[in-house]
Structures are given as C-alpha cells and as structure tokens.
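Descriptive analysis of the structure
These are the residues of each chain, in order.
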Amino acid sequence: MKILDFLIQENIPFTHLGLYKEAFTHSSYANEKGGKDYERLEFMGDAVLQLYVSEHIFKKFPQYPEGQLTTLRSKLVREESLARFARELGLDQLIYLGVGEEKSGGRNRDAILCDIYESFVGAIYLDCGKDEVLKILERTI
C-alpha cells in the first residue's frame, strides 16, 4: 500500500504528504537514495506520545499515585508496545528501507517499528494537530 492510500483509508486530513514520506524513511534508505530520514520526526513523536499518554492516564486513573502512573506510562510507550501498534496499523508495509536493511529483516524489527510509530505520530502532530493524534492514539494505545 502507498502512503497516500493509507492516509486516505485512515481518514487523516493531511496537507503535507512529504512529511509522511519522511516519517517512513529509514536512514538506510536515505543514505542510498538521498533525502531525509525519520529521526527528527521520531524525536517529536516521542515527546507527543509522552505528553498525551501521560495526560490520558492522569485523567483516567485519578486514584493512582505518581509511581503507578509512571509504571503504566512506561508499559504503554515501551518499544515492544509501540512496535505492536505499528503492526496493527500496517505501518510496517509503508517503510522505505535500504537494500541491506530490507534483506536483514528490518521491516519486522521492533526497534524500527517503534521508531516508525513515533515518527508517524510526530508527522500527524505537525501536519494535523492534537485532535488527529488523539484519534490515532485512541485506536492503538
């Protein structure tokens, strides 16, 4: 599936398609073909996830003390969980990988899928804002 088809299917009201291509471009592909990789968007997505997951569980569990909130947040935003969310959305099929990374199974590697999920969230946040991020987070997390 192409990124454009995915965004339309998911009803994401995108305006900057190039931002999503960047969000799905691994450094191995960028090194081979040129262009930007997802790392800056991953940075943004990580911050967005931390904030919105924290806000959500803070409101949902008013009886939890700080330690329980921290433990719950860490379970929700850890690599294994984010990789699973990426698979559930089908993000693994959208990744641009270099030849070597593709051959070595990069498309199924949790670390890459976690990064892709974060960069996708970062792209949605920058392109569409908080409301669209919350829709994706509600569907996955």
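Calculation criteria
- Residues numbered from 1 in each chain as written.
- Predicted model: local features only at pLDDT ≥ 70, side-chain atom pairs only at ≥ 80, totals over all residues.
- Heavy atoms only, no water.
- Helix = DSSP H or I, 4+ residues; strand = E, 2+ residues; numbered from the N terminus.
- Rg over C-alpha atoms; globule rule 2.2 N^0.38 Å.
- Contact = heavy atoms within 4.5 Å.
- Areas by Shrake-Rupley, 256 points an atom, 1.4 Å probe, with all protein chains shown as cover.
- Lys, Arg positive; Asp, Glu negative; His and termini not counted.
- Charge placed at Lys NZ, Arg CZ, Asp CG, Glu CD.
- Core = buried A, V, L, I, M, F, W, Y, C linked by side-chain atoms within 4.5 Å.
- Buried < 20%, exposed > 50% of the residue type's maximum accessible area, 1.4 Å probe, protein only.
- Salt bridge = Lys/Arg side-chain N within 4 Å of Asp/Glu carboxyl O.
- pLDDT = per-residue confidence, 0-100.

**Points about the overall build of the protein**
Each helix and strand in the protein was counted, giving nine helices and zero strands. For the protein, the N- to C-terminal ordering of α and β elements is α-α-α-α-α-α-α-α-α. Taking 141 residues into account, the globule formula puts the C-alpha radius of gyration at 14 Å, and the protein, at 15 Å, falls close to it. C-alpha extents for the protein along the principal axes are approximately 50 × 30 × 25 Å. The contacts of the protein with a sequence gap of at least 6 include a subset with a gap of at least 24, amounting to 63%. Accessible surface for the protein amounts to roughly 7800 Å². Of this, 52% is attributable to carbon and sulfur atoms. Each charge class in the protein was averaged separately, 18 positive and 23 negative side chains, and the resulting centres sit 2 Å apart.

**So, the nonpolar core**
Tyr20, Phe24, Leu91, Tyr117 and Phe120 are the most contacted members of the largest nonpolar core, which has 40 residues in total. Setting aside chain neighbours within four positions, we find phenylalanine 120 in contact with Phe6, Leu7, Ile12, Tyr20, Ala23, Phe24, Leu89, Leu91 and Ile136.

**Focus on the side chain of histidine 26**
Mapped onto the elements, histidine 26 comes out in the loop between α2 (17–23) and α3 (27–33). Take histidine 26: its relative accessible area is 9%, and that puts it in the buried class.

**Observations regarding the pattern of salt bridges**
Opposite charge on two side chains makes pairing possible when the charged atoms of those side chains draw close. Enumeration over the complete set of coordinates arrives at nine salt bridges. A salt bridge links lysine 130 to glutamate 55; its shortest N-O distance comes to 3.9 Å. One end of the pair, lysine 130, is in helix α9 (residues 130–140); the other, glutamate 55, is in helix α4 (residues 39–60), with 75 residues separating them in the sequence. Assessed through its relative accessible area of 34%, lysine 130 is described here as partly exposed. For arginine 107, the salt bridge goes to glutamate 102, with nearest N and O atoms at 2.5 Å.

**Side note on the confidence of the model for the protein**
When the pLDDT values of the protein are averaged, the result is 96; 100% of them are 70 or greater. The weakest mean pLDDT in the protein belongs to α9 at 92; the strongest belongs to helix α8 (residues 110–128) at 98.

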